[in-house]
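One letter stands for each residue in the lines below.
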Amino acid sequence: MKRVLSGIQPSGQLHIGNYAGAIRQFVDMQANHEMFVFVASYHALTSTRDADELRRNTRQVVTDYLAFGLDPATHPNTHIYLQQDVPQVTELAWMLSCVCPKHLMDKATSYKDKVARGLPASVGLYTYPILQAADILSVDPDLVPVGKDQVQHCEITRDLAQKFNNAYGEVFKLPEYKLRGDAEVLPGIDGQKMSKSYGNDIDPFMDEKPLRKRIMKIKTDSTPVDEPKDPEACTVFQIFRALAGRDDPRTAELAERYRKPGMGYGDAKQALYELILDHFADARKRRTELMNDPGYVDKVLKDGAAAAQAKVAEVTQRARLAVGL
Ligand code: ADP
Ligand code: TRP
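These numbers come from a predicted model, not from an experiment.

A few words on the overall build of the protein chain. Along the backbone of the protein chain there are 15 helices and 5 strands. Taken over C-alpha atoms, the radius of gyration comes to 21 Å for the protein chain, in line with the 20 Å a tight globule of 325 residues would show. The dimensions of the protein chain, computed from C-alpha atoms along their principal axes, are 75 × 45 × 40 Å. Taking all 325 residues of the protein chain together, the buried fraction comes to 51%. Sequence separation of at least 24 residues holds for 78% of the intrachain contacts in the protein chain that already meet a minimum separation of 6. Carbon and sulfur atoms provide 51% of the accessible area of the protein chain, an area that totals close to 14900 Å². Taking the 43 positively charged and 44 negatively charged side chains of the protein chain as two groups, their mean positions are separated by 2 Å.

Attention now moves to helix H15 (residues 294-323). Over its 30 residues, H15 runs 42 Å from end to end, which matches the ideal 44 Å to within 8%, given 1.5 Å per residue. Buried residues of H15: Val297, Val300, Leu301, Gly304, Ala305, Ala308, Lys311, Val312, Val315, Thr316 and Ala319, and no others. At the C-terminal side of H15, Gly324 shows a positive phi close to 100 degrees.

With that settled, the discussion passes to the pattern of salt bridges. Following the criterion strictly, the structure yields 19 salt bridges and no others. With a closest N to O distance of 3.4 Å, Asp159 and Lys163 form a salt bridge. One end of the pair, Asp159, and the other, Lys163, are both in helix H9 (residues 151-168), 4 residues apart, so they sit about a helical turn from each other. A relative accessible area of 29% places Lys163 in the partly exposed class. Across the pair Asp248 and Arg250 runs a salt bridge, and its minimum N-O distance is 2.9 Å. With relative accessibility at 19%, the residue Asp248 sits in the buried group. Residue Arg250 is classed as partly exposed on the basis of its relative accessible area of 34%. Salt bridges sharing common partners tie together Asp140, Lys311, Glu314 and Arg318.

Here we come to the site of ligand 2. Neighbouring ligand 2 are 13 residues, the closest being Gly7, Tyr128, Gln132, Asp135 and Gln150. Asp135 is positioned such that a nitrogen or oxygen atom in its side chain is 2.8 Å from a nitrogen atom of ligand 2. Within the complex, 91% of the 360 Å² of free accessible area of ligand 2 lies under protein. According to the grid-proximity analysis, the pocket containing ligand 2 is the largest pocket. Of all elements in the fold, only strand E1 (2-8) and helix H8 (128-137) reach the threshold of two or more residues within the shell around ligand 2. Among the elements that line the shell around ligand 2, the one with the most residues is H8, at 4 residues. For the shell around ligand 2, the residue count by class is 6 nonpolar, 6 polar and 1 charged.

Cut-offs applied
- Residues numbered from 1 in each chain as written.
- Chains lettered and ligands numbered in written order.
- Predicted model: local features only at pLDDT ≥ 70, side-chain atom pairs only at ≥ 80, totals over all residues.
- Heavy atoms only, no water.
- Helix = DSSP H or I, 4+ residues; strand = E, 2+ residues; numbered from the N terminus.
- Rg over C-alpha atoms; globule rule 2.2 N^0.38 Å.
- Buried < 20%, exposed > 50% of the residue type's maximum accessible area, 1.4 Å probe, protein only.
- Contact = heavy atoms within 4.5 Å.
- Areas by Shrake-Rupley, 256 points an atom, 1.4 Å probe, with all protein chains shown as cover.
- Lys, Arg positive; Asp, Glu negative; His and termini not counted.
- Charge placed at Lys NZ, Arg CZ, Asp CG, Glu CD.
- Expected span 1.5 Å × (residues − 1).
- Salt bridge = Lys/Arg side-chain N within 4 Å of Asp/Glu carboxyl O.
- Near = heavy atom within 4 Å.
- Polar contact = N/O pair within 3.5 Å; in protein donor to acceptor, adjacent residues only side chain to side chain.
- 1 Å grid on protein atoms, 1.4 Å probe; cavity = no way out; pocket = protein on both sides within 12 Å on 5 of 7 lines; lining within 4 Å.
- Sits in = over half its atoms within 2 Å of the grid points.
- Nonpolar A, V, L, I, M, F, W, Y, C, P; charged D, E, K, R; others polar.

Rendered as structure tokens:
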């Protein structure tokens, strides 16, 4: 059984972009992979300075993983854990940083993007990809499912593993990254990449009324109702297609309505609203149940930590021996 590792930062409420780009893949893979899925809480220190907020967001990501369908109860090979429960990743990150040429970090685009968005230009943010490489390499995964924006980090991971192995022998396994077959970057309500930090995201767990209001706010052009419209150019359609699937008859049907005169963008938004309620009906129900059962979430984390700790300890020991510690 192939091993998979991935994680998400607890830097705010998860949104349908995270779901479509990352979490849906995790859920699909758990039937026939060993899954290590964690919450990247150390990484979130690059952006969050409020301890209570970090604790709350961390817990929320775990609850949302479970609500979206990761299920250690029916898939004993699915392990969900917190990054701070395997603190050896910071030790591995240090070892990797000592074989990492500085120019490799200078090339990384996410640092520049995040600083441009207003995040503090800290050394932690600068070396963020090294910690990510340590997360990945710490469990010897075969595959790392991520959204498109994480590809560079996965390439840096392979590069660092290779450099370490060249110096010290075969310590780290080089993992492959995996994008969803139909991977796209999901746009937010303003048409830019949907992101927690852009304030343009759609939270699938919102109450119905505010959710509908949010969807009605999606930016569209001003083509009048009685003129045909181009579905490809419309954010509402792009989100619809990402959730329903390219080959789903509902997607073809909505595209058809765009191309004929008579459909207003309000109608398309209503169709998206209904799709979201339908698509996330189980997740919404499960999330409410999980919020009322904190003991279960604690148990998931305890079991996940035990599984991750066993694997990470083995890899860390291998690296320590190789470097002479
Ligand atoms: P955000 O930009 O909201 O802070 P993260 O950077 O924490 O999101 O991303 C977590 C995961 O979700 C990553 O694997 C990322 O590729 C995926 N992801 C985030 N936003 C999108 C999006 N708009 N479309 C597709 N995937 C996304
Ligand atoms: N950088 C990832 C993000 O912003 C989060 C992350 C940290 C991660 N470590 C990882 C993703 C390891 C995959 C594998 O979403």
